[in-house]
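If you want the building blocks of each chain, they are given just below.
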Amino acid sequence: REKQKAANPDRRWPWTRQHKAIEIKAGDAITDSAEAFYLIKQRGITNVIVMGVHTNMCVLGRPFSIRQMVMQGQNVVLVRDMTDTMYNPAKRPFVSHFSGTDLVVSHIERHWCPTITSDQIIRGKEFRFKDDRRKHIAIVIGEKEYDTKTTLPAFAAKYLQKDFRVNFVYAKDDDRNNIPGLEVLNDADLMLISVRRRLLPKEQLNRIRKFIAAGKPVVGIRTSSHAFCLRPTKHGENEWPEFDAEVFGGHYTNHHGNKGKNGPFTFVWSPKTAHDHPIMQGVGKVETKVTSWLYKTSPLGKHTEVLLMGRVGDLKPHEPVAWTNRNKWGGRVFYTSLGHTSDFAREDFQQLLRNGVHWAIQQPKK
């Protein structure tokens with residue numbers, strides 16, 4: 001840089017030094033070009049930790065950063081709390097600056113590499129900007145039937161990321177019983193879960209158990225009623241067959257085939273006793289039809305409150321479709337057996353789910 005300044009004395013250089021907290025010692029390397037990769041290969045380095053600014057520019061796209069390192073076969077992780085994003089909240093998607101960073105991080109987690117936080121390296125606490133006071137939602141996704149890896153991020157971008165800090169955790173595509181990144185629950189204020197029949201390693205399942213045992217709120221959709229068990233249930237510490245009853249207050253046993261006399265639909269309505277509930281505000285109360293197959297969920301636990309009922313044609317008994325619960329650890333819970341891809345195309349379902357999140361985390365909508 002000194003040589004550049006000498007060659008261009010009249011140019012104003014915005015960057016003249018490293019941050020004073022960064023110590024540069026013998027054996028360290030400084031570069032802003034692809035020579036970083038050759039140096040890494042020369043030293044036999046295969047594990048790369050990336051941080052810095054800006055996540056959606058240099059950290060993701062420069063020749064020494066995430067995309068190139070991944071494509072060159074390196075084992076790459078991003079330190080997600082040691083980065084920022086070049087983003088103007090006045091432009092699309094019209095979220096806060098902090099949420100803009102979250103969106104880029106979730107893109108990296110989904111398409112490029114896992115992330116970690118600085119406290120995993122130097123202990124202490126994960127870094128957060130002092131003005132970032134948003135409550136934290138962790139969205140855990142591990143199912144293939146309803147493509148919630150697509151519908152939930154779109155829903156969160158539209159309805160949640162303006163008000164909350166949102167992190168996504170995905171099951172691995174090549175290992176269905178592995179959901180890396182669940183340590184995000186250590187700092188989360190609410191878990192939104194969409195998982196179907198996964199047998200997690202003991203450490204991962206224990207992170208979920210610990211979160212719920214702390215009395216923190218949970219929102220579940222569709223297959224999360226049978227998230228952590230197979231049939232038959234004989235898998236020991238990798239399984240939690242009581243998850244539905246203990247957390248949601250449900251009793252999932254199977255589903256109807258939606259083949260009643262009135263066609264292949266589930267008919268859903270809100271009982272009059274639920275019309276004034278905060279979760280039902282802005283949600284249609286009269287009977288309507290959806291394509292989600294009706295789950296057999298009754299009888300519910302004693303601390304539940306039914307918000308939606310459903311039927312298939314003329315079949316009886318009718319079944320609860322959405323309800324709240326106060327579980328035995330004191331946590332607020334909202335669950336709905338809706339969650340089909342076509343449900344997410346409905347404004348009333350999206351409003352129901354949004355209301356459920358705000359109710360469970362106890363933050364009124366703005």
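For the structure itself, consult the block above.
Note that the structure is predicted; figures quoted are calculated from it, not measured. (Residues numbered from 1 in each chain as written. Predicted model: local features only at pLDDT ≥ 70, side-chain atom pairs only at ≥ 80, totals over all residues. Heavy atoms only, no water.)

1. Quick look at the packing of helix α7 (residues 148–159) against helix α10 (residues 347–361)
If you want to describe how two helices pack, look at the angle between their axes and the distance between the axes.
Thinking step 1. Two elements in contact, α7 and α10, have axes separated by 11 Å at closest approach and are oriented at 75°. Accordingly, the angle class assigned to the pair α7 and α10 is roughly perpendicular. In contact with Leu 152, Phe 155, Lys 158 and Tyr 159 of α7, α10 contributes Glu 347, Gln 350, Leu 353 and Arg 354.
Thinking step 2. Tallied by class, the residues present in the contact of α7 with α10 amount to four nonpolar, one polar and three charged. (Axes fitted to C-alpha atoms, helices over the stretch in contact; angles between N-to-C directions. Helix = DSSP H or I, 4+ residues; strand = E, 2+ residues; numbered from the N terminus. Parallel < 35°, antiparallel > 145°, perpendicular 65-115°, else oblique. Contact = heavy atoms within 4.5 Å. Nonpolar A, V, L, I, M, F, W, Y, C, P; charged D, E, K, R; others polar.)

2. Details of the packing of aromatic side chains
Thinking step 1. Scanning all chains against the criterion turns up 13 aromatic pairs.
Thinking step 2. Taken together, a centroid distance of 5.7 Å and an interplanar angle of 65° make the contact between Phe 37 and Tyr 38 edge-to-face.
Thinking step 3. The class for Tyr 38 is exposed, based on a relative accessible area of 59%.
Thinking step 4. Cluster of aromatic residues (ring-pair linked, three or more members): Phe 228, Trp 240, Phe 243, Phe 248, Trp 323 and Tyr 335.
Thinking step 5. Above the face of the Tyr 170 ring, Arg 110 is positioned so that its terminal group lies 4.7 Å from the ring centre.
Thinking step 6. In this structure, Arg 311 is placed above the aromatic ring of Phe 267, and the distance from its NZ or CZ to the ring centre is 4.5 Å. (Phe/Tyr/Trp six-rings, centres within 6.5 Å; stacked < 30°, edge-to-face > 60°. Buried < 20%, exposed > 50% of the residue type's maximum accessible area, 1.4 Å probe, protein only. Lys NZ or Arg CZ within 6 Å of the ring centre and 35° of its normal.)

3. Details of the environment of Met 51
Thinking step 1. Within the secondary structure layout, Met 51 lies in strand β1 (residues 47–52).
Thinking step 2. The exposure class of Met 51 is partly exposed, given its relative accessible area of 45%.
Thinking step 3. Apart from residues lying up to four places away in sequence, Met 51 is in contact with Val 59, Val 79 and Met 82.

4. Examining the pairing of strand β14 (residues 332–336)
Thinking step 1. The buried fraction of β14 amounts to five of the five residues, a majority that puts the element mostly inside the structure.
Thinking step 2. Alternating residues of β14 divide into Arg 332, Phe 334 and Thr 336 and Val 333 and Tyr 335, and every residue in both groups is buried.
Thinking step 3. The sheet contact formed by strand β7 (residues 218–221) and β14 spans four bridges and is parallel. Considered in β14, the bridge of Gly 220 is made with Tyr 335.
Thinking step 4. Relative to β14, strand β13 (residues 319–326) is paired through five bridges, and the arrangement is antiparallel. Across the sheet, residue Arg 326 finds its bridge partner in β14, namely Arg 332. (Pairing = 2+ DSSP bridges.)

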